[in-house]
Amino acid sequence: MEHVFLQDGRRRSARVVAPEHGGGSGPSPVAVLVLHGPYQTGAKVRAACGRCFERCGTGGAPPVVAYPDAYRGLWNDGRAAARSPARTGGVDDVAFLERVCGRLRDGGARYVAVVGYSDGGHMAVRLAHEAPSALDGLVLIGTGRPAPGAFRAFLAADRCRPLPVVTVHGTADPVAPYEGGVTSLSGFRPRGHTLSVRATAASYARRNGITAPPGGRRLPGRAGSGRTRVTVTWYEQGGRHSVALYTVHGGGHVIPNAPRPARRLLGRTTRDLDAGDLVARLAAALAGGPSGPG
């Protein structure tokens with residue numbers, strides 16, 4: 001079902017997909033908001049990831065999933081170096097996404113997990129910092145946290161609260177460098193500096209009050225993963241929301257295990273990790289309280 005919002009005089013839309021039938025002991029208490037990458041739409045990212053987020057509920061209960069569309073393909077994500085039509089046009093994407101999250105809660109969701117890929121990941125970060133009550137968990141794919149000074153929006157009034165966070169990143173990402181630096185596509189259209197992915201995960205762990213050292217392991221390999229492998233580093237401590245970093249060694253700027261191959265210039269995907277499974281773990285953490293997806 002398409003939900004239409006009038007935001008600042010503009011028609012904005014989000015496709016909300018409800019499960020065709022229930023499962024387990026009832027509907028999932030966690031709804032999922034998926035923010036697409038640059039020049040995509042909600043429909044395109046839904047197709048590209050094989051609708052994996054619609055099958056990721058806990059206890060056999062699939063979630064309601066919302067796929068909003070950015071203004072002319074790009075979010076007003078707050079990066080100072082970005083020059084999107086949404087930014088130059090003063091589009092209030094934070095208010096728009098708050099309304100979409102509110103609609104999900106009005107539909108019965110107790111928690112909202114936000115998944116952001118690439119440009120959508122930066123929009124998810126902005127939402128978490130400027131409208132923290134809108135979401136309850138964060139999944140970042142191909143997104144490093146902006147370096148100090150790279151965000152023009154939230155740094156002066158950072159209101160992000162403790163959240164369970166999952167981040168997934170390839171070491172061979174050609175757009176958002178794993179070790180941090182300028183986000184761009186082979187040097188074109190630079191969009192500002194980001195922290196390294198490890199520094200990104202550690203910053204959210206500190207925000208969650210975690211002081212224990214991280215743990216880690218390698219995930220089992222699966223057929224079709226080629227020259228990629230996945231390790232997970234987790235930050236967790238009793239009574240705190242956890243942070244998990246999944247490193248795709250040899251992986252590119254792609255959604256893991258997406259059935260549609262990404263453009264070659266974006267790099268390799270992996271079959272050792274499924275984005276839907278990560279959201280299911282996050283949903284389980286939310287439904288069960290502080291702990292986490294590590």
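Report follows, based on the coordinates. (Residues numbered from 1 in each chain as written. Predicted model: local features only at pLDDT ≥ 70, side-chain atom pairs only at ≥ 80, totals over all residues. Heavy atoms only, no water.)

### Re the sheet that holds strand 2 (residues 10-17)
The ten strands lie next to each other as 1-2-4-3-5-6-7-12-11-10, forming an open sheet whose pairing is mixed. Taken across any chain shown, the strands that pair with only one partner, and hence form the sheet edges, are strand 1 (2-7) and strand 10 (215-218). Neighbour-to-neighbour, the strand axes of the sheet open up by a mean angle of 20°, direction not taken into account. Contacts between helix 4 (residues 119-130) and the sheet are confined to strand 3 (30-35), strand 5 (111-117) and strand 6 (137-141), with strand 5 contributing the most and set at about 140° to the helix. (Pairing = 2+ DSSP bridges. Helix = DSSP H or I, 4+ residues; strand = E, 2+ residues; numbered from the N terminus. Axes fitted to C-alpha atoms, helices over the stretch in contact; angles between N-to-C directions. Contact = heavy atoms within 4.5 Å.)

### Looking at the environment of Cys-49
Along the chain, Cys-49 falls in the loop between helix 1 (42-48) and strand 4 (65-68). Taking the C-alpha atoms as reference points, Cys-49 and Asn-257, 208 residues apart in sequence, are found 7.7 Å from one another. Not counting chain neighbours up to four residues away, the residues in contact with Cys-49 comprise Ile-255, Ala-258 and Pro-259.

### Side note on the environment of Thr-231
Locating Thr-231 in the fold gives a position in strand 11 (residues 229-235). In contact with Thr-231, other than residues within four places in its own chain, are Arg-217, Arg-218, Leu-245, Tyr-246, Thr-247 and His-249. Within polar-contact distance, the side chain of Thr-231 engages the side chain of His-249 at 2.9 Å. (Polar contact = N/O pair within 3.5 Å; in protein donor to acceptor, adjacent residues only side chain to side chain.)

### Digging into unusual backbone geometry
Positive phi values are uncommon outside glycine, yet Arg-72 reaches one of about 55°. By relative accessible area, which is 60% here, Arg-72 ends up exposed. Positive phi, normally seen in glycine, also occurs at Ser-118, with a value near 60°. Within the secondary structure layout, Ser-118 lies in the loop between strand 5 and helix 4. With relative accessibility at 7%, the residue Ser-118 sits in the buried group. (Buried < 20%, exposed > 50% of the residue type's maximum accessible area, 1.4 Å probe, protein only.)

That is the geometry; function is a separate question.
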